[in-house]
Amino acid sequence: MKFVKLKEFLMNNKLIIKTSLSDDVELNSINSLLNAQSNDLTFFNDKRLIHNLKTTKAKACFVSVNFVNLLPKSCYAIVVDDPYEAFAYSTNFFYPKRESQNKISQLSSISKDAILEKNIDIGNFVNIYKNSEIGQNVIIDDNVIIKNDCKIGDNTIIQ
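One numbering rule holds for all chains: residues counted from 1, following each sequence as written. Whole-chain, interface and lining totals are the exception, using all residues; otherwise, since this is a predicted model, local features are given only for residues with pLDDT of at least 70 and side-chain atom pairs are given and counted only at 80 or more. Side-chain figures throughout are based on the complete set of non-hydrogen atoms in the structure, without hydrogens or water.

(A) Main features of the overall build of the chain. In DSSP terms, a helix is any run of H or I states spanning at least four residues, a strand is any run of E spanning at least two, and both are numbered starting from the N terminus. Counting its regular elements, the chain contains three helices and 14 strands. Expected size for 159 residues packed as a compact globule is a radius of gyration near 15 Å; at 21 Å, the chain overshoots this value by more than 25%. A principal-axis box enclosing the C-alpha atoms of the chain has dimensions of 65 × 30 × 25 Å. Across the chain, the fraction of contacts at a sequence separation of at least 24, relative to all contacts at a separation of at least 6, is 24%. Only C-alpha atoms enter the radius of gyration; for comparison, a globular chain is expected to reach 2.2 Å times N to the power 0.38, where N is the number of residues. Contacts are residue-level and defined by heavy atoms, with any inter-residue pair within 4.5 Å sufficient.

(B) Representation of the sheet that holds strand 7 (residues 115-116). Paired strands, in this sense, are two strands between which DSSP finds at least two bridges. The three strands lie next to each other as 7-10-13, forming an open sheet whose pairing is parallel. Of all strands in the sheet, those with a lone pairing partner are strand 7 and strand 13 (151-152), marking the two edges. Sheet analysis places strand 10 (residues 133-134) next to strand 13, joined by two bridges and oriented parallel. Considered in strand 13, the bridge of Glu-133 is made with Lys-151.

(C) Here's a closer look at the environment of Asn-124. On the secondary structure map, Asn-124 appears in the loop between strand 8 (121-122) and strand 9 (127-128). Classification of residues uses two cut-offs on accessible area relative to the type maximum, computed with a 1.4 Å probe and protein chains only: under 20% is buried, over 50% is exposed, and between them is partly exposed. Given a relative accessible area of 29%, Asn-124 falls into the partly exposed group. The contact partners of Asn-124, leaving out residues within four places of it in the chain, are Ser-105, Leu-107, Asp-142 and Asn-143.

(D) Molecular detail of the packing of helix 1 (residues 3-12) against helix 3 (residues 83-94). The axes used here are C-alpha line fits, helices contributing only the stretch in contact, and every angle between their N-to-C directions lies in the interval 0 to 180 degrees. The geometry of helix 1 relative to helix 3 is characterised by a closest axis approach of 10 Å and an angle of 120 degrees between their N-to-C directions. Regarding the angle of helix 1 to helix 3, the classification is oblique. The two elements helix 1 and helix 3 meet at a crossing, and its hand is right-handed. Contact with helix 1, carried on its side by Lys-5, Leu-6, Phe-9 and Leu-10, involves Ala-86, Tyr-89, Ser-90, Asn-92, Phe-93 and Phe-94 of helix 3 and no other residues of that element. Gly is placed with the polar residues, together with every amino acid not listed as nonpolar (Ala, Val, Leu, Ile, Met, Phe, Trp, Tyr, Cys and Pro) or charged (Asp, Glu, Lys and Arg). Within the contact of helix 1 with helix 3, the residues separate by chemical class into seven nonpolar, two polar and one charged. Each angle receives one of four descriptions, namely roughly parallel if under 35 degrees, roughly antiparallel if over 145, roughly perpendicular if within 65 to 115, and oblique otherwise. Rotating anticlockwise by less than a right angle from the far helix to the near helix defines a left-handed crossing, while the corresponding clockwise rotation defines a right-handed one.

(E) Broad picture of the nonpolar core. In this structure, Phe-3, Leu-6, Leu-41, Phe-62, Ile-78 and Phe-94 are the most contacted members of the largest nonpolar core, which totals 19 residues. The set of elements that each furnish at least two residues to this core consists of helix 1, strand 3 (40-43), strand 4 (60-63) and helix 3. Residue contributions to this core peak at four residues, all from helix 3. Those residues within four positions of Phe-3 in sequence are excluded, and the remaining contacts are Ile-17, Thr-19, Leu-21, Ser-22, Asp-23, Val-25, Leu-27 and Ile-78. Formed by twelve residues, the second largest nonpolar core is a distinct cluster that contains Leu-33, Phe-67, Leu-71 and Cys-75. Side-chain atoms within 4.5 Å are what join buried Ala, Val, Leu, Ile, Met, Phe, Trp, Tyr and Cys residues into a set we call a nonpolar core.

(F) The arrangement of the pattern of salt bridges in detail. Counted as salt bridges are all cases of a side-chain nitrogen of Lys or Arg within 4 Å of a carboxyl oxygen of Asp or Glu. Inspection of every chain in the model, using the stated rule, returns four salt bridges. Two residues, Asp-23 and Lys-7, come together in a salt bridge whose shortest N-O distance is 2.6 Å. Taken together, the positions of Asp-23 in the loop between strand 1 (18-19) and strand 2 (29-30) and Lys-7 in helix 1 put the pair 16 residues apart, joining distant regions of the chain. A relative accessible area of 29% places Asp-23 in the partly exposed class. With a closest N to O distance of 2.8 Å, Arg-98 and Asp-141 form a salt bridge. Within this pair, whereas Arg-98 is found in the loop between helix 3 and strand 6 (109-110), its partner Asp-141 is found in the loop between strand 11 (139-140) and strand 12 (145-146), the two being separated by 43 residues in sequence. Residue Arg-98 is classed as partly exposed on the basis of its relative accessible area of 36%.

Shown next, in the form of structure tokens:
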């Protein structure tokens, strides 16, 4: 994902950012300071993790102005007032909420006694046993087994 798209998303959500990171830079994912790789985005907001900030392998990091000088030279600072807030918005950008498409696979097996609410997705080879209840807007991915008498609440995603 090109940084320019993330930048537009953040600005549309009223976040003010300052960075020298080029708009054309590709960011693959978001990750922790410790686990970030060379094209990942991370954030820093906990002084106890200063060592991880100094050694992160991330391409860019949401950081407050006070800690910019601690970043490795290979990591671009994205200066924000609240790094955690910027990172939280970024999770919504990189991983948008999945919504049900109201599809039930013909390769699934659903008990006649199961109760299925509106707008649910049931993937291939899903087994739903008797007296189970599946709430509204539920997404159940392939190969999931829902045993007898289970209740799955509204808006749940099971992978």
